[in-house]
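Residues per chain are reported as follows:
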Amino acid sequence: MRLGVLISGRGSNLQALIDACAASDYPAQIAVVISNTPGAAGLARAEAAGLATAVIDHRAFATKAEFEDALNDALLDHGVELVCLAGFMRLLSPSLVEKWRDRMINIHPSLLPAFRGLDSHAKALAAGVRVHGCTVHFVRPEMDHGPILLQAVVPVLGGDDPERLAARVLTQEHVIYPQAVRLIAEGRARVAGERVEIDDLPQPPGLL
Ligand code: GRF
C-alpha cells in the first residue's frame, strides 16, 4: 500500500513509519512525504531515507482551497492510497477530508475522545487522570474525531510534567502508528458504522 505522510515538524512518527517500511514483510511503502513547513526536521529524515518529498507551504497560496488542491494533486501524482497525518498542524477542510474518507488516518497524543486539540498532556495532568496515551484514528472533518483504530495506554506518574508525560506517550505512538498502517494495508481493519472492526486485534500496549 502506497502511503503519503503529511508532516509539519520533527517527524518522529514519520521515522517510525520509515523504519517499519524497511522490513521486507511490511505491507506498505512511503510514496511521498509532504510538509507544509519548509525546513521541517522530518524532511531531512525523509531525504536520508531516499524518499520523495514535497514542500507545500500553505502561506504560498491565496486560499485554503488552493493549498488543499495542491496537496491533493501531489498525493494523486504519487499514487497515494493511504494518507498518514503525522504531526501535520493544519486542520483540513471537509471537502478534502471527504475525498480521502476512510483512507486518511491521524495520530493524536491522548486517549480519544479525551483531550482533543493542542496541549493534550497538560490537559491530562490538569484533569488528574491516572492513565493517558495515544490514538490512531480515521480522519473526519472535526478535529481529532473519527473511528478509532488503535490506542496505547501509559501511566501518569507522580512528578510528571507535560514533557515527561509526552515522552512516555511518544514511545507508544511509534509502536501503534506502524501497527495501524499494517492493519489497514493487510485489509484487517474496516470502518463499520463509525467504529473500526479489526480481525485479530493486537494486544493494546500497556494493558495486562
Ligand atoms: C505527535 O505527538 C503526534 O501525536 C501529534 O503531533 C506530534 C508529532 O510528533 N499529532 P512528530 O513530528 O511525529 O515527532
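Residues numbered from 1 in each chain as written. Predicted model: local features only at pLDDT ≥ 70, side-chain atom pairs only at ≥ 80, totals over all residues. Heavy atoms only, no water.

1. Quick notes on unusual backbone geometry
Filter applied, for reference: Every helix listed is a DSSP run of H or I at least four residues long, and every strand listed is a run of E at least two residues long, numbered separately from the N terminus. Under the scheme applied here, a residue whose accessible area is under 20% of the maximum for its type counts as buried, over 50% as exposed, and between as partly exposed, the area being computed with a 1.4 Å probe on protein chains only.
Looking along the chain, the bond that leaves Leu 112 and enters Pro 113 is cis, with omega of 10°. Note that Pro 113 resides in the loop between strand E5 (104-108) and helix H5 (120-127). Of note in this structure, Asp 102 is not a glycine but carries a positive phi near 65°. With respect to the helices and strands, the residue Asp 102 is situated in the loop between helix H4 (94-99) and E5. Owing to a relative accessible area of 29%, Asp 102 belongs among the partly exposed residues under this scheme.

2. Section: the packing of H5 against helix H6 (residues 162-185)
Keep this limit in mind: For helices, the axis comes from a line fit to the C-alpha atoms of the stretch in contact; other axes are also lines fit to C-alpha atoms, and the angle between any two N-to-C directions lies between 0 and 180 degrees. An angle counts as roughly parallel when it lies under 35 degrees, as roughly antiparallel when it exceeds 145, as roughly perpendicular when it falls between 65 and 115, and as oblique in every other case. The handedness criterion is simple: a crossing whose near helix is rotated anticlockwise from the far helix by less than a right angle is left-handed, and one whose near helix is rotated clockwise is right-handed. Throughout, a contact is declared for two residues whenever any of their heavy atoms are within 4.5 Å. Residues are sorted three ways: Asp, Glu, Lys and Arg are charged, Ala, Val, Leu, Ile, Met, Phe, Trp, Tyr, Cys and Pro are nonpolar, and all the rest, Gly among them, are polar.
Between H5 and H6, the shortest axis-to-axis distance is 9 Å and the interhelical angle comes to 110°. By the criterion of interaxial angle, the relationship of H5 to H6 is roughly perpendicular. In this structure, H5 meets H6 at a crossing whose hand is right-handed. Taken together, the residues of H6 that come into contact with H5 (itself represented by His 121, Ala 122, Ala 124 and Leu 125) are Pro 162, Leu 165, Ala 166 and Val 169. Each residue belonging to the contact of H5 with H6 can be placed in one class, and the counts come to seven nonpolar, one polar and no charged.

3. Concerning the nonpolar core
Spelled out, the test is: Here the nonpolar core consists of buried residues drawn from Ala, Val, Leu, Ile, Met, Phe, Trp, Tyr and Cys, with membership extended through side-chain atoms lying within 4.5 Å.
Among the nonpolar cores identified, the biggest contains 41 residues, and Val 5, Ile 30, Cys 84, Ile 105, Leu 149 and Val 181 are the most heavily contacted of them. In terms of residue count, the dominant contributor to this core is H6 (eight residues). Setting aside chain neighbours within four positions, we find Leu 149 in contact with Ile 105, Val 136, His 137, Phe 138, Ala 180, Ile 184, Ala 189, Val 196 and Ile 198. In this structure, Leu 71, Leu 85, Trp 100 and Val 139 belong to the second largest nonpolar core, which totals 20 residues.

4. What about helix H3 (residues 64-77)?
For clarity, the cut-off: For a helix, the expected span equals 1.5 Å multiplied by the residue count minus one. In this context, the arc is that of the directions from the helix axis out to the C-beta atoms.
Given a rise of 1.5 Å per residue, 14 residues ought to cover 20 Å, and the 20 Å separating the end C-alpha atoms of H3 matches this to within 8%. Restricting attention to buried positions, one finds in H3 the residues Phe 67, Glu 68, Leu 71, Asn 72, Ala 74 and Leu 75. For H3, the arc enclosing every buried residue in end-on projection is 160°, short of the 170-degree limit, so these residues lie on one face. Projecting away from the buried face of H3 at angles above 90 degrees are the exposed residues Leu 76 and Asp 77. If you follow the buried residues of H3, they end up packed against strand E1 (2-7), strand E2 (29-35), strand E4 (82-85) and H4.

5. Observations concerning the environment of Gly 9
As for its position among the elements, Gly 9 is in the loop between E1 and helix H1 (12-21). In sequence terms Gly 9 and Val 131 are 122 residues apart; their C-alpha atoms lie 27 Å from each other. When sequence neighbours within four positions are dropped, the list of residues in contact with Gly 9 reads Ala 40, Ala 41, Gly 42 and Gly 87.

So yeah, pure geometry; function would need other evidence.
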